[in-house]
Amino acid sequence: MTEPLVSVIVPTRNNRRTIEACLRSVKAQDHPHVELIVVDNHSTDGTDEIARGLADVVISGGPERSAQRNRGIRAAEGVWILWLDSDMYLPPDAVSAAVRTAATTGATGVALPERTIGHGFWTACRALERECYLDAPWLHNPRLLRRSDMVADGFHESMSGPEDADLRFRIRESGGTVELAPVIVDHDEGRLTLRDIWQKRYYYGLSLPTLVDQHDGAMADQGAGVLRAYAQNWRRLLGRPGHALGMAGMRLMEAAGYLWGARAGRRQVQV
């Protein structure tokens, strides 16, 4: 039986530091039929030039990640689509494992668990946090779906950050399921700083009012799921007390960033 074509979609903007390693990890997949599509949001640092040397298709598009992904979905020719951020690296069996998981479970979508790699204290705190989610399937957003399921609706383009959670909620509300593939994706976050973390969470928070309006109880569900994951991994947290305390402080700051952004986002909607 011929293996299905999988279109891997990578949205990016000015990510020269990691784009080559990301794309090479896609090209190194053991799945025999992979189409690599990069949607570049008008990079000025040479990211697009690197992409043209490695990808099958390079498209210019924006203004945000959701729109870039949707643009890639429309251009894709695969039966399956898999989206990947340009600072993520796939293990060689990621695509084949994801397709196999979908086939054996009948899941609507397949998630690929992530671990954080990088340097510095706050990056290590983020890495510890993500380790707590590896055995928490209820928190993982899908990365592989059938293209036919995504062409009509796709990603919510008014969201930037919560669009992955929005997709997970939509799948579950429609009676679908999300399963985990038995692989781990490396997410290269470099050297995180508190300023970086705050700015990103504030920006993501701008879209939270839209997510909340779309899904009743979304934030409560997400918060309860995160606390459940931490409780389940209490031994892991106690084993690294310094990073666990840093993680707790970082998460509190992130919550404030989300709330501050959500407040600003709600005002924008009301204007």
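The numbering scheme is per chain: residues are counted from 1 as the chain's sequence reads. Side-chain atom pairs in this predicted model are given and counted only at pLDDT of 80 or more, local residue features only at pLDDT of at least 70, and totals for whole chains, interfaces and linings cover all residues. Side-chain measures here rest on the full set of heavy atoms in the structure, leaving out hydrogens and waters.

Some remarks on the overall build of the protein chain
Okay, step 1: Helix and strand counts for the protein chain come out as 12 helices and 10 strands.
Okay, step 2: In summary, the protein chain has a C-alpha radius of gyration of 18 Å against a globular reference of 18 Å for 271 residues, a match within 12%.
Okay, step 3: For the protein chain, the spread of C-alpha atoms along the principal axes amounts to about 50 × 45 × 40 Å.
Okay, step 4: Counting across all 271 residues of the protein chain, residues that qualify as buried make up 52%.
Okay, step 5: Contacts are assigned to residue pairs with any non-hydrogen atoms lying within 4.5 Å of each other. When contacts within the protein chain are restricted to residue pairs at least 6 apart in sequence, long-range pairs at least 24 apart make up 82% of them.
Okay, step 6: Counted charges follow a simple rule, with Lys and Arg positive, Asp and Glu negative, and His plus the chain ends left uncounted. Throughout, a charge is located at the NZ atom of Lys, the CZ atom of Arg, the CG atom of Asp or the CD atom of Glu. One way to put it: in the protein chain the 32 positive side-chain charges average out to a point 4 Å from where the 34 negative ones average out. Secondary structure counts use DSSP, requiring at least four H or I residues in a row for a helix and at least two E residues in a row for a strand, with both numbered from the N terminus. Every radius of gyration here is taken over C-alpha atoms, with the globule rule written as 2.2 Å times N^0.38, N being the number of residues. Burial here depends on accessible area, computed with a 1.4 Å probe over protein chains only, as a share of the maximum for the residue type. Under 20% is buried, over 50% is exposed, and the range in between is partly exposed.

Focus: the pattern of salt bridges
Any two side chains of opposite charge can pair, given that their charged atoms come close.
Okay, step 1: A pairing counts as a salt bridge when a side-chain nitrogen of Lys or Arg comes within 4 Å of a carboxyl oxygen of Asp or Glu. Under the criterion given, the structure shown has 23 salt bridges.
Okay, step 2: A salt bridge links Arg 115 to Asp 186, with the shortest nitrogen-to-oxygen separation between them at 2.5 Å. Residue Arg 115 is located in strand β7 (residues 114-117), and its partner Asp 186 is located in strand β10 (residues 185-188); the two are separated by 71 residues in the primary sequence.
Okay, step 3: Judged by relative accessible area, which is 40%, Arg 115 ranks as partly exposed.
Okay, step 4: With relative accessibility at 18%, the residue Asp 186 sits in the buried group.

Describing the UniProt feature "domain: Glycosyltransferase 2-like" (unreviewed entry) in the protein chain
Okay, step 1: According to UniProt, the "domain: Glycosyltransferase 2-like" (unreviewed entry) feature falls on residues 7-112.
Okay, step 2: Annotation note: span residues 7-112, helix share 41%, strand share 25%, distance between end C-alpha atoms 16 Å. UniProt positions are given in the numbering used here, feature names are shortened, and annotations may be inferred rather than shown by experiment.

Section: the side chain of His 31
Okay, step 1: Along the chain, the position of His 31 falls in the loop between α1 (16-27) and β2 (34-40).
Okay, step 2: Here a polar contact is recorded for every N or O atom pair within 3.5 Å, except that within protein the pair must consist of a potential hydrogen donor and a potential acceptor, and residues adjacent in sequence are included only if both atoms are side-chain atoms. For His 31, the side chain forms a polar contact with the main-chain oxygen of Pro 4, separated by 2.7 Å.
Okay, step 3: Residues within four places of His 31 in sequence aside, it is in contact with Glu 3, Pro 4, Val 6, Val 95, Ser 96 and Val 99.

Observations concerning the sheet that holds strand β4 (residues 80-83)
Okay, step 1: Ordered in space as β3-β2-β1-β4-β8-β6-β9, the 7 strands form an open sheet in which the pairing is mixed. Unpaired on one side and paired on the other, β3 (57-60) and β9 (178-180) mark the two borders of the sheet. The average angle at which neighbouring strand axes cross in this sheet is 25°, direction not considered.
Okay, step 2: Sheet analysis places strand β1 (residues 6-12) next to β4, joined by 4 bridges and oriented parallel. The residue bridging Val 6 from the neighbouring strand is Trp 80, located in β4.
Okay, step 3: For helices, the fitted axis covers only the stretch in contact; all axes are lines through C-alpha atoms, and the angles between them, taken along N-to-C directions, range from 0 to 180 degrees. The strands touched by helix α3 (residues 65-75) within the sheet are β1, β2, β3 and β4, with β1 carrying the most contacts at an inclination of about 150°. By this definition, two strands are paired if DSSP reports at least two bridges between them.

Side note on the nonpolar core
Okay, step 1: Among the buried residues, those of types Ala, Val, Leu, Ile, Met, Phe, Trp, Tyr and Cys that are joined through side-chain atoms within 4.5 Å form a nonpolar core. Membership of the largest hydrophobic core comes to 31 residues, with the highest contact counts inside it found for Val 8, Val 10, Leu 23, Leu 82, Leu 84, Leu 112 and Leu 144.
Okay, step 2: For this core, the elements supplying multiple residues, two or more each, are β1, α1, β2, α2 (47-54), β4, β5 (88-89) and α4 (94-105).
Okay, step 3: Per-element accounting of this core gives the leading share, 6 residues, to α4.
Okay, step 4: Those residues in contact with Leu 23 that lie beyond four places of it in its chain are Val 10, Leu 36, Val 38, Ala 51 and Leu 54.
Okay, step 5: With 16 residues, the next largest nonpolar core counts Trp 138, Ile 197, Tyr 230 and Leu 237 among its residues.

Things to note about the pairing of β1
Okay, step 1: Of all 7 residues in β1, 7 are buried; the element is thus mostly enclosed.
Okay, step 2: Of the two faces of β1, the one carrying Val 6, Val 8, Val 10 and Thr 12 and the one carrying Ser 7, Ile 9 and Pro 11 are both buried.
Okay, step 3: When β1 meets β2, the two strands line up parallel, connected through 7 bridges. Residue pairing in the sheet places Ile 9 in a bridge with Ile 37 of β2.
Okay, step 4: Orienting the strands away from the viewer, one traces the path from the first strand over the helix to the second; a clockwise path indicates a right-handed crossover. A crossover links β1 with its parallel partner β2, the connecting element being α1, and its sense is right-handed.

Focus: the sheet that holds β5
Backbone hydrogen bonds are what pair the strands of a sheet, in a parallel or an antiparallel way.
Okay, step 1: Read across the open sheet, the 3 strands follow the order β5-β10-β7; overall the sheet is mixed. Pairing within the sheet leaves two strands with one partner each, and these edge strands are β5 and β7.
Okay, step 2: Most of the contacts of helix α5 (residues 121-133) go to β7, to which it runs at about 165°, and overall it touches β7 and β10.

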